[in-house]
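The chain contents come next:
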Amino acid sequence: MSIADNLLKYKNELDLAGVKLVAVSKNHPADAALEAYNAGQRIFGENLVQEMVEKQEQLPKDIEWHLIGHLQSNKVKYIAPFIKLIESVDSLKLLKEINKQAIKNNRVIDCLLQIYIADEDTKFGLAFDEAIELLRSEEFATFKNVRILGLMGIATNTALEGQTKAEFQELKVLFDGIKLSFFRKEDSFKEISMGMSSDYKLAIAEGSTMVRIGSNIFGKRVIKHWKTEKE
Ligand SMILES: *Cc1c(COP(=O)(O)O)cnc(C)c1O
């Protein structure tokens, strides 16, 4: 099946479920993203700043770009002018920098807090208590140019469906608690970004509002990054 065929299959399924599709074009050339764009897709996810900036320059300007990978504070400035949603906010320090760059660009930048739900050392994200602490902090209350739309999580890469399901349930419970405690009056706090190619159906069953699908749409990732990003 072509990229366009794959895309349309997901778009139809997810539209019916009322779930947003983030097409993860990382490690695929801009042409691949353009094929999905021409089939009607508008939301694209990338995990590296440089790759996103290159594609943003080449591709149509009505694309909504979501950053889904770990973001270093010193790189926020490159995406601040155009980013639609930063899904991977994992510290107060990062949020402070996003707020600063948003002010410079005279805009509000929408964000999700990335929550650590997996049973793996390699994933970034805030622990539950760290997320609460961030939201309670006096400094957070001063950030007027960022808006938190919800939470994001990456489940453990496992064939054990019970575990994946439990991790998604934990994220949903945390979302409900945070909504009640901090965002009860804010209708904009409504997104739970969870689910990828291998587990999106489970995620939707547990309350996902936004799934991030890469390989099932674009195939195996083809661009190799010879230099891995260093802190
Ligand atoms: C790569 C990536 C995805 C997409 O993964 P697939 O398994 O290719 O669908 C989703 N979310 C994040 C955070 C990713 O880095």
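Rules used throughout
- Residues numbered from 1 in each chain as written.
- Predicted model: local features only at pLDDT ≥ 70, side-chain atom pairs only at ≥ 80, totals over all residues.
- Heavy atoms only, no water.
- UniProt positions renumbered as here; feature names shortened; annotations may be inferred.
- Helix = DSSP H or I, 4+ residues; strand = E, 2+ residues; numbered from the N terminus.
- Contact = heavy atoms within 4.5 Å.
- Phe/Tyr/Trp six-rings, centres within 6.5 Å; stacked < 30°, edge-to-face > 60°.
- Buried < 20%, exposed > 50% of the residue type's maximum accessible area, 1.4 Å probe, protein only.
- Lys NZ or Arg CZ within 6 Å of the ring centre and 35° of its normal.
- Salt bridge = Lys/Arg side-chain N within 4 Å of Asp/Glu carboxyl O.

The name an unreviewed UniProt entry gives the protein is Pyridoxal phosphate homeostasis protein, with Pedobacter polaris as the organism. Recorded in UniProt for the protein, the comment headed Sequence similarities (unreviewed entry) runs: "Belongs to the pyridoxal phosphate-binding protein YggS/PROSC family." The heading Cofactor (unreviewed entry) in the UniProt record of the protein holds the text "pyridoxal 5'-phosphate".

## Overview of the UniProt feature "modified residue: N6-(pyridoxal phosphate)lysine" (unreviewed entry) in the protein
The feature "modified residue: N6-(pyridoxal phosphate)lysine" (unreviewed entry), as given by UniProt, occupies Lys26 in the numbering adopted here. By the secondary structure assignment, Lys26 is in the loop between β1 (20-24) and α2 (30-38). Setting aside residues up to four positions removed in sequence, Lys26 forms contacts with Gly45, Glu46, Asn47, Glu51, Lys55 and Arg221.

## Looking at the packing of aromatic side chains
Following the criterion strictly, the structure yields five aromatic pairs and no others. Considering the side-chain rings of Tyr10 and Tyr200, the 5.3 Å spacing of their centres and the 70 degrees angle between planes classify their relative orientation as edge-to-face. Linking Tyr10 in helix α1 (residues 3-17) with Tyr200 in helix α9 (residues 200-205), this pair joins segments that are 190 residues apart in sequence. Tyr200 matches Tyr10 in its accessibility class, with the two residues each being buried. With a centroid separation of 4.2 Å and 5 degrees between ring planes, the pair formed by Phe183 and Phe189 is classed as stacked. Residue classification places Phe183 among the buried positions, given a relative accessible area of 5%. Members of the aromatic cluster, each reached through a chain of ring pairs, are Phe175, Phe183 and Phe189. Seen from the ring of Tyr10, Lys9 lies directly overhead, with NZ or CZ sitting 4.3 Å from the centre.

## Here we look at the pattern of salt bridges
Enumeration over the complete set of coordinates arrives at ten salt bridges. Measuring nitrogen to oxygen at the nearest pair gives 2.5 Å for the salt bridge that ties Lys20 to Glu191. Highlighted residues: Lys20 in strand β1 and Glu191 in strand β7 (residues 191-193), separated in sequence by 171 residues. On the accessibility criterion, Glu191 (5% relative accessible area) is buried. In this structure, the salt-bridge partner of Lys55 is Glu46, at a minimum N-O distance of 2.7 Å. Accessibility expressed as a relative area gives 3% for Lys55, which makes it buried. We classify Glu46 as buried; its relative accessible area is 0%. One salt-bridge network, in which partners are shared between bridges, spans Lys20, Lys190 and Glu191.

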